[in-house]
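One letter stands for each residue in the lines below.
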Amino acid sequence: MAASLVRRDKKSTAAHLKADLNWTDNSSGVRQLQELLDSVLNPEKPAADTEALDWCKCLIAGGEGFEEFCKTVRSYDNATLCGLVWTANFVAYRCRTCGISPCMSLCAECFNNGDHTGHDFNMFRSQAGGACDCGDSNVMRETGFCNRHRLRTGENVPSVPRDLLLMSEMVLPRFIICVIQYLRDGYTEPDTSTERDLQKVLQQLEPQISFLEELTKMGGAMRTVLTKILTNQQIFKDLSMGQEDNVYAKKNYEKYLSALKNSGLVSVEEKAQSGAAEPTRGAEAGAGAGALGLLGAEAPASPDESNKEEDQDGGQSVGQRKRVKLSSTAKDPSIMDSLKHKCFLEELLFWTIKYEFPQKMVTFLLNMLPDQDYKITFTKTFVQHYAFIMKTLMKSQESDTMSNRIVHISVQLFSNEELARHVTEECQLLDIMVTVLLYMMESCLIKSELQDEENSRHVVVNCSEPLLKNNTYWPLVSDFINILSHQSVAKKFLEDHSLLMLWMSFVSFFQGMNLNKRELSEHVEFESQTYYAAFAAELEACAQPMWGLLTHCKVKETQEYTKTVVRYCLETLQIWFDAIGFVDEPAPNQVTFHLPLHRYYAMFLSKAVKCQGLDLDSLLPHQEMLMKIMVHPLQIQASLSEIHSNMWVRNGLQIKGQAMTYVQSHFCNSMIDPDIFLLQVCASRLDPDYFISSVFERFKVVDLLTMASVHQNAVLDGEQERPMLEGALTFLVILSSLRIHLGMADDEILRAEMVSQLCMNDRTHSSLLDLIPENPNPKSGIVPGSCSFEEMLSAVADFKAPVFEPGGSMQQGMYTPKEEVWEKEFDPIMVVLRTVYRRDVQSAMDRYSAFLKQSGMHTTGNPWPPYKERTPLHPCYKGLDRLLHCKTLHIVIFTLLYKIWLDHSNMSEHVLCMVLYLIELGLDNQVQEDKEDEEPCIEEHCHDSWFPGTNLLSNLHHVINYVRVRVPETAPEVKREKDPPPSTSAEAANFGQNVREAQVFSLVAERRRKFQEIINRSSTEASQVVRPKSSSTRWVPPGTPPQLVTEILEIRESMLSLLIKLHQKLSAKQNSLSATWLEDMETNSHAHGDGITAIERILTKAATRSRQSKRNIQEICGKVSPPVAPKKNGPTDKKTMDKDERRQRARERQQKLLAEFASRQKSFMETAMDVESPDAEAAMDLGASEVMESEVLYDCVICGQSGPSTEDRPTGLVVLLQASSVLGHRCKSDETKKLPTTDDEHIYPADTCGAAHDVRLALMQRFFKDSSCLQSVSIGWEGGVYVQTCGHTLHIDCHKSYMVSLRNDQVLQGFSVDKGEFTCPLCRQFANSVLPCRPGRSTEVVSWHMPTNKKTAVLVKEVEDLQEQLGLFPTESNLSKEMESVIKDIKNTTQRKYMDYGKNPGSPDNDFLFMYSVARTNLELELVHRGGNLCSGGASAAAKRSCLNQLFHVLAMHMRLYSIDSAYNPWTRLTQVAQRRDDCLDDERPEVPMLFRDCPSLLIIFVLTMPQPLRKEHFICLVRMLYNLQYTQALASLSAKFSPEERQAWSTSGALKKNAFDAEKSYDALLSHVIGELSKVKTVYDVNTEVPSMLSSSVWSPHSIEYSLQQFCLPYLRLSCLLQHHLYGDKLSGCPEVEEFSGLAGCLGLLAPALQPSNPIYSASCLDWTVNAFDLMTQWCSEVTGLSDTQAKKSITLLVQDPQWASPHLLHLPDHYNIIFQYYHKKACTACKKVPKDPALCLVCGTFVCLKGLCCKQQGICECVLHSQHCGAATGIFLLINASVIIIIRGHRFCLWGSIYLDAHGEEDRDLRRGKPLFLCVERYRVLQQQWVSHTFDHINKRWGPHYNGL
């Protein structure tokens, strides 16, 4: 039965079966269908056989065509969501204003159909793929829906008729199981198969899966059917196993079962080995034990399932441990077990994972999502397979692609809060995720070497594992962050203690990873780059989930969550300290930047105090724990300083990289900010003396803090001491002044961040957005603070719009700080904290001092960083101020002030600056006095009685008399103290004793003792055992230094007196402060200035806050005033003075040397290169110079000699020859062509100058003699050769040796020496040839320009004789050789097709045409550069740089080789009325009539072919004769535009004037004559009657006729005038545009000067006839009327010519880039019909091309390069659609020019990365056009590279 059905026609069978099935009793139909399907859908057939697919299509359609069926089903589409699925690289939109979830995205269609004006949106290229959320109110606000989905059109669709989808319901289950069977069959385990096998299976299944995808696109009705089939468990049961008797199906099913076997998290064998029965304990207990176990003795780090790794790791105990504990941590054992499938959907997903997420399958599964039932089932299925996905991902070779595909799916499921909550509740999503993450990280754990290397029990992730290096964990972490962004899910997570504990154990895997050990002996041989992986892992896996959780802990109600997290953080930290065996001292020379546990703790503390109103103390541990917590973050701060002091230099650059990354904007608020905050918390709660001494000890500068001038430092080299001391002090300043977590509001933080970034440098808007640390949870997209980024930006900064100089670099819009920001808000401390590069701090200071100078606030010397008042501390952190009021700090400050005053080594301005900053902070932040009662208890412990109390204000004026120091015997103090000690009272000596061991050890000793006390208080014996070891080993200095002796120094200073002495020292005046200066001070002048100002500010503050201080200051000032040198300080003071003087002298010497060097260099430059001096300028202006001097002298820029150009040793101009089609792209109208942006718009190239000239020449060549045609027009409108020079000259032999040296130079140049390219040795302008200069003449020059009074007729005869002279062949000389070679260069510059226009290529005529056209091209281009006319006169820059004169000589020399046959010499036909020649043979084509010839071409031909130099009178004569012809052409052309009636009228009115005396100079007489002559033959005017002229509507008045005649003749006059200027150096006089005609005519001598003023000038009055005008005109007209009819008819269009062209323009572009982008980025290429990967647009002609597309390659040349050759003669300007940038192709090189579209902030968006709306920047476009027209791309753009025809 089935067999017979199979053979029948598919359509009719389908129809017949459908009818059968519609009966109520359809059993026979069902049976028939099943049998048919059994035979058609047989999985044993190869999948590539499409027969089965065709059957399915027909059966589903039930007899009608599949296309019609699709349409019908679509009409029942009830979907209200868009749900369009896209893959990577698709262009989509994201609108933050409309999005509820930050992952929201829209397809372009929905975006453009919605209203998003004024919203914060951007366009982006999808990385992983996505789906359109339009219509889904869970993800976006309804206001943003597009019209289609806003109206919910889906809801009112009629219900689906039952029979429509009946066949689908029957056929599809069989089709799907068939696909599944193919998948089962094709799969082999990865170790046996290769990637390729899987790919092969997928390729064969391509049509089937595409078919499924097609079905999903039919809309809601079909999706419902598919959902039913995919989720129905019964269908799966019936079909999955296959029928009993089918052997194939059985085997197939077994394959499937074996594939399932290893899908659990713990593989089957492992279970068997460990024999772990499922734990029966309560889940909570199990989880707790498990998690603690994780960190405890048996760190469950085990390798992958296979046992291979175990053998390798045999040595390490870590490898042996099984992951047993884990199974007890999961509440739901099913996570561990193999998967079981209940429906098609589950198995389909399973195979999708096994095959590593093939794109088509992913798209199919996602296309179904708009169906709600499917969405829920699919999400559950996805979660159920989550662990399996992770296992597959870890094994995958292509983990990147796979990651993207996984996220493509998961982001659609988990962004929806409803769904996420549902799955969390029903499927334990959170447990699964955390367990899977833990499991994943366990595969790459290693033993931590932090602290106690041998006995450490802590394990960390190994950052060099591919899992971390390649970010393989990314998809899982990304999903986790995504679900934590939903409040309901995050709350579940925070309430579940066992989960939190598990998570903490996960975080602790990262605690202390990537440990750096300082290399002490030699440089590390292999610099590992693992730190990238470590920082990325901490940010993504630890910090971002943390920020996600923090967003839900913002209100009082969530206090409990915070408490829980903090509690677990502390527990885990304690476990960690125990595991690494930490007691009290960090191991030396080790640092890790990764302390995520500390940072979790810090951030939750901060939130608790800031937002939840919790009391800080309730969350803090006991003192000992705080001491431990403080150690590692402090270690990082000290290491940062060490790294910047070059102590880690042997570890290579990567350690600097880590230090930079740690503070970099994307990391700082997850790393350095929490660290500093944690240290601030510790400082506010611990004993300040202990804290301060810890800091100095960590920074290794304890030894430096001695009063003695010489000391020994056991741990630091000399040059490292200063930066380390600066580091320690700067750190203390940051610690006590930073308020980010201590009370600043979010808006204040944002403002401070913004100001500090702007102060370093002006910033573009996007870089600023990037540099401001946002809340790093990427899903939040929120910059902290309620105040928006934009408002804040406008409050602190001014926008500097980009400026454009044509030659300058492309600038972008920048923001720069407002003046008041510099004045009041510049905070150097914040800048130091946020700079990645140290140079940025300098940059900020430079900008600050520039501001001060400019505003006149501080003009002398370098200002110091300004001191800034701080936001008040939050009450919880008040303890931080105690840091500034503790004796230890005061001793340090006192010591440093003393050392700076005495100029001890290693002190610096920076040290003083920071010391003063600390004093000032102390004065500003007084500790409350109510703590008085506590003072005595601290007092007892403080054994050094340096200061009586702890208050800085009272300690300032405390005088210290003696200090005992330990110094080496060799120290200067020792010798000095040999004198008997000064007589002191007993107490003084006693005081000396009291100093105990003095400053050297007091810090360390103090810290030890403090620690001991605290430990004793908390009575932990364990730590005491270790104490002796650490203290005895640490502080013995290495080596055997000189013996230390104890000396007593007499000091007798207080901090105040030292400050005042430093003030004197800085101001270099003995009594810089008078006794009364305090009264005279105005307080406000203190804010900005240098150290002097700072000291004055401090003294003033001290005086205002304490009367005692004020008295003391006045006393000291009074004492110091008398200039008696104090006994003790005499010698040292003198020493300091000497030192300053010495420095000053050294500086002067240096200046002198530099000046001398500079002058030497200058003289060298002058001799070697002859810097252009004024006389060189004159020589350059070659045109003018020939008049003044007898012989022109040239300077060679290579050898520097000056001399004439001679035949033997010619000099040449450095020139750049380039082919140009700019002239050819000119149009008639001034309106620029628009770039088409819809299918209806087009650009027609027919009206361009190049096209018009081609048509004209082609027409001539059809009817007239070829050689004559080639002299009647010019070519070079397209591909003409343009010659430009920088004006520098060189000997040609020098140039040759220069080229040789360039060739041997291996440096990569941006040009190709082999092609003759070089850069001018003087100005470095790009060039590729040398144009020889003609040797200067002396005698003839004068007579050459003399005006003569010869009659025109005489001159005409002379010209004729001159033309008869044969060209002398130039003698063979170096000069002539060079001229020949330049001609060769010129010919090679352009392509052959632009040279061969003749019938027989390569003929002399052709060559002749090309040569004079080069002259024409250069003249025309100069006109264009001058704005299209000569009204501006000679003030053009082009004049000095012009090489036309030289070019003319070279061309003339070449063209004299061709003589014009006198019989055809146009001159005779110009000036004589000839007798009729009848001897013309019939077969020979006629010459081109004079009226069709191009006058400027004729002029150039005459000038170039006549003997050189040409006398000016002859030149003028040529111009006059040709003007007659040009004028007659104007009349003829005009008459052809008249209507027949007008012609008649003008003809008769003019005829009357014929006999007047001036008839030859009256336009009406001449016009009527021309009309009469041309009317003799009907054909002339008849041709045009069909085409009614545009102007015929208006009546021609005499005035309009005169105007149009002048306009017709103007181009000829301009060209003649310009030629005269170049040949004879005549000045071009400027004139207003209205008078241009008369101005030019006067300049050329066509007008007698008398006629010039006032009265309107007539163009006819310039005529100058040598023979009867009417006869000559008759002759010219008869040449036209004499043509045969066919010729006349066609060629008559040659009469009506219009020589006027508008200046060249690039296309007119739309203002919004989006218009271009939307139309072109999806547009198919016209050549290959595909959508190009990199589409580009030619901005000259609008052609759409594939950049780099191999599809359109021809002869190995890609399309852009090809097009640049066709369109611009090797110059192309392309807009890259996908990147918004312009690229220029010039010959064999290309460069990126920049973008002409900028965003609202004046910034480029290259590659559209930010996707903000872009707008046309008119100035930039103008600059681009100007460079194109002036051919200066080569000179202005510097970054050129070869394109190897690959663009």
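Note that this is a predicted model, so its numbers are computed, not measured.

S.K.: Can you break down the overall build of the protein chain residue by residue, with the values?
M.R.: From N to C terminus, the protein chain includes 80 helices and 28 strands. The buried share of the protein chain, taken over its 1847 residues, is 57%. Within the protein chain, counting contacts between residues at least 6 apart in sequence, those at least 24 apart form 79% of the total. Looking at the protein chain as shown, the accessible area adds up to about 77200 Å², and 53% of this sits on carbon and sulfur atoms.

S.K.: Residues and numbers for the sheet that holds strand β24 (residues 1781-1786), please.
M.R.: Across the sheet, which stays open at both edges, the six strands sit in the order β22-β21-β23-β24-β25-β28 with antiparallel pairing between neighbours. Looking at which strands have only one partner, the edges of the open sheet turn out to be β22 (1744-1746) and β28 (1841-1842). Relative to strand β23 (residues 1771-1776), strand β21 (residues 1735-1738) is paired through three bridges, and the arrangement is antiparallel. Counted as the bridge partner of C1738 is F1774 from β23.

S.K.: Describe the packing of aromatic side chains, with residues and values.
M.R.: Taken as a whole, this structure holds 56 aromatic pairs when the rule is applied. Ring geometry for F382 against Y386: centres 6.1 Å apart, planes inclined by 70°, an arrangement best described as edge-to-face. You'll find F382 and Y386 in the same group, each marked buried. For the pair W1665 and W1676, a centre-to-centre distance of 6.4 Å together with 40° between the ring planes defines the contact as tilted. Of the two residues, W1665 is situated in the loop between α74 (1636-1643) and α75 (1669-1681) and W1676 in helix α75; the sequence distance between them amounts to 11 residues. Residue class for W1665 comes out buried when judged on its relative accessible area of 11%. Taken together, the ring pairs connect Y253, Y256, F350, W351, Y355 and F388 into an aromatic cluster. One Lys or Arg, R94, reaches over the ring of F124 and ends 4.4 Å from the middle of that ring. Here R567 stacks its cationic end above the ring of Y568, 5.1 Å away from the centre of that ring.

S.K.: So what's going on with the sheet that holds strand β20 (residues 1329-1332)? Which residues, and what values?
M.R.: The antiparallel open sheet is built from three strands, whose spatial order is β17-β16-β20. The outermost strands of the open sheet, each flanked by one partner alone, are β17 (1280-1291) and β20. When the angles between neighbouring strand axes are averaged without regard to direction, this sheet yields 40°. Relative to β17, strand β16 (residues 1211-1220) runs antiparallel, the two sharing nine bridges. The residue of β17 that forms the bridge with S1220 is G1280. Against the sheet, helix α64 (residues 1374-1389) touches β16, β17 and β20, its axis set at about 135° to β20.

S.K.: Can you tell me about the packing of helix α23 (residues 417-427) against helix α27 (residues 487-495), naming the residues and giving the values?
M.R.: For the pair α23 and α27, the least separation of the axes is 8 Å and the interaxial angle reads 30°. By the criterion of interaxial angle, the relationship of α23 to α27 is roughly parallel. Contact with α23, carried on its side by E417, A420, R421, T424 and E425, involves Q487, S488, V489 and K492 of α27 and no other residues of that element. Of the residues that constitute the contact of α23 with α27, the class distribution is two nonpolar, three polar and four charged.

S.K.: A description of a negative patch on the surface should follow, citing residues and the corresponding values.
M.R.: A cluster of acidic side chains, namely E64, E67, E68 and E214, defines a negative patch on the protein surface. By the element assignment, E67 lies in helix α5 (residues 66-74). Residue E67 is classed as exposed on the basis of its relative accessible area of 57%.

S.K.: Got a sec to walk through the nonpolar core? Specific residues and values, please.
M.R.: F510 and I919 are the most contacted members of the largest nonpolar core, which has 294 residues in total. At 14 residues, helix α29 (residues 531-550) tops the list of elements feeding residues into this core. Sequence-distant contacts of F510, defined by excluding residues within four places in its chain, comprise M441, V461, L468, A537, A541, C542, H594 and P596. Y1194, L1375, Y1624 and I1692 belong to the second-largest nonpolar core, a separate cluster that totals 132 residues.

S.K.: Could you give an account of the confidence of the model for the protein chain, with specific residues and numbers?
M.R.: Confidence along the protein chain averages 80 in pLDDT terms, with 80% of residues attaining 70 or more. Within the protein chain, the element-level pLDDT minimum falls on helix α51 (residues 1021-1034), averaging 32, and the maximum on helix α35 (residues 672-685), averaging 96. Ignoring residues within four places in sequence, the model shows residues 975-1001, a span with pLDDT below 50, making 38 contacts including any to other chains. Contacts from residues 1122-1137, a stretch scored under 50 in pLDDT, to residues over four places away or in other chains number 12 contacts.

S.K.: Tell me about the pattern of salt bridges, residues and numbers included.
M.R.: In this structure the tally under the stated criterion is 64 salt bridges. Of the charged contacts in the structure, one is a salt bridge between R184 and E347, with a shortest N-O distance of 2.7 Å. Within this pair, whereas R184 is found in helix α8 (residues 166-186), its partner E347 is found in helix α18 (residues 344-354), the two being separated by 163 residues in sequence. Judged by relative accessible area, E347 falls into the buried class, the value being 0%. In this structure, R1469 engages E1679 in a salt bridge whose closest nitrogen and oxygen atoms are separated by 3.3 Å. Of this pair, R1469 sits in helix α67 (residues 1466-1471) while E1679 sits in helix α75; the two residues are 210 residues apart in sequence, bridging distant segments of the chain. A relative accessible area of 13% places R1469 in the buried class. Salt bridges here are not isolated pairs; linked through shared partners, they connect E869, E920, D924, R1097, K1101 and R1105.

S.K.: Explain the pairing of strand β2 (residues 91-95) residue by residue, including any values.
M.R.: By the criterion of burial, β2 is predominantly enclosed, with four of the five residues buried. With five bridges joining them, β2 and strand β4 (residues 121-125) adopt antiparallel strand pairing. Paired with Y93 across the bridge in β4 is M123. With two bridges joining them, β2 and strand β3 (residues 106-107) adopt antiparallel strand pairing.

S.K.: Pulling in residues and values, what's your account of helix α63 (residues 1352-1364)?
M.R.: The terminal C-alpha atoms of α63, which comprises 13 residues, lie 19 Å apart, in line with the 18 Å expected from a rise of 1.5 Å per residue. By the burial criterion, the buried members of α63 are T1352, L1355, V1356, V1359, E1360, L1362 and Q1363. Taken around the axis of α63, the buried residues stretch over an arc of 160°, which confines them to a single face. Packed against the buried residues of α63 are α67, α68 (1495-1505) and α69 (1512-1537).

Conventions used here
Residues numbered from 1 in each chain as written. Predicted model: local features only at pLDDT ≥ 70, side-chain atom pairs only at ≥ 80, totals over all residues. Heavy atoms only, no water. Helix = DSSP H or I, 4+ residues; strand = E, 2+ residues; numbered from the N terminus. Buried < 20%, exposed > 50% of the residue type's maximum accessible area, 1.4 Å probe, protein only. Contact = heavy atoms within 4.5 Å. Areas by Shrake-Rupley, 256 points an atom, 1.4 Å probe, with all protein chains shown as cover. Pairing = 2+ DSSP bridges. Phe/Tyr/Trp six-rings, centres within 6.5 Å; stacked < 30°, edge-to-face > 60°. Lys NZ or Arg CZ within 6 Å of the ring centre and 35° of its normal. Axes fitted to C-alpha atoms, helices over the stretch in contact; angles between N-to-C directions. Parallel < 35°, antiparallel > 145°, perpendicular 65-115°, else oblique. Nonpolar A, V, L, I, M, F, W, Y, C, P; charged D, E, K, R; others polar. Patch = residues over 30% accessible without salt bridge, like charges linked within 9 Å, V, L, I, M, F, W, Y side chains within 5 Å. Salt bridge = Lys/Arg side-chain N within 4 Å of Asp/Glu carboxyl O. Lys, Arg positive; Asp, Glu negative; His and termini not counted. Charge placed at Lys NZ, Arg CZ, Asp CG, Glu CD. Core = buried A, V, L, I, M, F, W, Y, C linked by side-chain atoms within 4.5 Å. pLDDT = per-residue confidence, 0-100. Expected span 1.5 Å × (residues − 1). Arc of directions from axis to C-beta.

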